[in-house]
Amino acid sequence: MRCVEIFLVSMSFLLCCITFPFSLCVCLKIVAEYERAVIFRLGKLRSGEARGPGLFFILPCVDEYVNVDLRTNHFDVPAQEGLTKDSVTIWVDAVVYYKVVKPLLAVTAVVNYSTSTSLLAMTTLRNIIGTKSLAEVLADRDSIAQKIAVILDKATGPWGVKVERVEITDVRLPQQLQKAMAAEAEATREAKAKIIAAEGELKASKALKQAADVIVESPTALQLKNFALKLTQKKLRFSSFAIPRINRSLLTTIISTITTFLIIFIQFSSA
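Within every chain, residues take consecutive numbers counted from 1 along the sequence as written. For this predicted model, a pLDDT threshold of at least 70 governs which residues receive local features, and a threshold of 80 or more governs which side-chain atom pairs are given and counted, while totals over whole chains, interfaces and linings are taken from all residues. Heavy atoms throughout the structure, all of them, feed into the side-chain values; hydrogens and water do not.

A. Spatial organisation of the overall build of the chain. Runs of E in the DSSP output that reach at least two residues are strands. Runs of H or I that reach at least four are helices, and both are numbered from the N terminus. Within the chain one finds nine helices and eight strands. Buried, partly exposed and exposed residues are distinguished by accessible area as a fraction of the type maximum, computed with a 1.4 Å probe on protein chains only: under 20%, between the cut-offs, and over 50%, respectively. Looking at the 271 residues of the chain, the share that counts as buried comes to 23%. Taking as baseline every contact in the chain between residues at least 6 positions apart, the subset at least 24 positions apart corresponds to 68%. When the accessible surface of the chain is totalled, it reaches about 19400 Å², and 63% of it is carbon and sulfur. Contacts are assigned to residue pairs that have any heavy atoms within 4.5 Å of one another. Methods summary: accessible areas were calculated by the Shrake-Rupley approach with a probe of 1.4 Å, and residue burial reflects only the protein chains presented.

Structural data, given as structure tokens:
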């Protein structure tokens, strides 16, 4: 078999030489800065690291290559139905960010690293939900996401994949549970309002008791209190009194009439 491989490689190289320079269109390949090329010769992985970026050379008919993107990619984890530790059914959505750090393993160690990572993320998310209560899921999203990221990164390491980040995008609750939680929150707010009102009444009663103690100890204070109360009532009475508005023309007529009457009275008196 070794001799057959050498013969096929030699014939491919000879074909390139005969068809030169036209063979350059087939033999020379280009990969971008964010890509790497994993080359197989007669089905065997070529020694060395993945090729790229830039130009690399392959032999026609005996070599084939696979391009691997090294940029950070992401996928959405569809809503996973899970049962929490306190027996509540919820649906959780997430998004996972990952990238390939070892192109050779990403091609040779797993059939499809993207699909495999996605399925693993779904399973891990359901498992983590089962270990948390509903309150923990709602309050500690960041810690749950970090725990999922650590588990995924450890599992995808042999595939040459690095899980960079996991984000929990949404937590959906059953409709009946949402109504029950809303009623509970409203009852809690009403209870707090009653407690605050009761504390205010307690402080007011303490202040009244102190005032009563002062009045009992000093009778003059009671007289001053009554005087202040009467003064306040008089101020309110005067402030509520309104002077009626008089028409200007009517006032002028009255003044002129009085003046005429005085003049006639003076003339009559002098006569």
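B. Geometry of the sheet that holds strand S8 (residues 161–172). Only when DSSP finds a minimum of two bridges between them are two strands counted as paired. Pairing within the open sheet is antiparallel, and its three strands lie in the order S6-S7-S8. Edge positions in the sheet fall to strand S6 (73–83) and S8, since each of these pairs with one other strand and no more. With strand direction ignored, the average angle separating the axes of adjacent strands in the sheet is 25 degrees. Summarising the sheet, S6 and strand S7 (residues 89–100) pair through nine bridges and their orientation is antiparallel. Looking at S7, one finds that Asp76 is bridged to Val95. As a rule, the C-alpha atoms of each element are fitted with a line to give its axis, helices using only the stretch in contact, and angles between N-to-C directions run from 0 to 180 degrees. Running over the sheet, helix H4 (residues 113–130) touches S6, S7 and S8 and is turned about 35 degrees from S6. Lying on the sheet, helix H6 (residues 141–156) is in contact with S7 and S8; it crosses S8 at an angle near 145 degrees.

C. Here's a closer look at the side chain of Glu35. In this structure, Glu35 sits in strand S2 (residues 35–41). In this tally, Lys and Arg are treated as positive and Asp and Glu as negative; His is ignored, and so are the chain termini. Salt bridges, as used here, are contacts in which a Lys or Arg side-chain nitrogen is within 4 Å of a carboxyl oxygen on Asp or Glu. Despite its burial, Glu35 pairs with no opposite charge; the closest candidate is Arg71, at 5.9 Å N-O. For Glu35, the residues in contact, after removing those within four places along its chain, are Asn67 and Val68.

D. Quick peek at a nonpolar patch on the surface. Only residues whose relative accessible area exceeds 30% and that form no salt bridge enter a patch; like-charged residues are grouped when within 9 Å of one another, and nonpolar side chains (Val, Leu, Ile, Met, Phe, Trp, Tyr) when within 5 Å. Residues Val4, Phe7, Leu8, Met11, Leu14, Ile18 and Leu42 make up a contiguous nonpolar surface patch of roughly 640 Å² in combined accessible area. Within the secondary structure, Met11 is located in helix H1 (residues 2–18). On the accessibility criterion, Met11 (41% relative accessible area) is partly exposed.

E. Spatial organisation of the pattern of salt bridges. Applying the stated criterion to the full structure yields seven salt bridges. Among the ionic pairs, Arg172 bridges to Asp93, the shortest N-O distance being 3.8 Å. Remark: Asp93 occurs in strand S7 and Arg172 occurs in strand S8; sequence separation between them is 79 residues. In this structure Asp93 comes out as buried when scored by relative accessible area, which is 16%. Among the ionic contacts, a cluster of salt bridges with common partners joins Asp93, Asp170 and Arg172.

F. Structural context of unusual backbone geometry. In the segment running from Phe20 into Pro21, the intervening peptide bond is cis, with an omega of 5 degrees. Residue position: Pro21 is located in the loop between H1 and helix H2 (24–27). The peptide bond linking Gly52 to Pro53 adopts the cis configuration, its omega dihedral lying at 0 degrees. Positive phi, normally seen in glycine, also occurs at Leu42, with a value near 55 degrees. Residue placement: Leu42 occurs in the loop between S2 and strand S3 (44–45).

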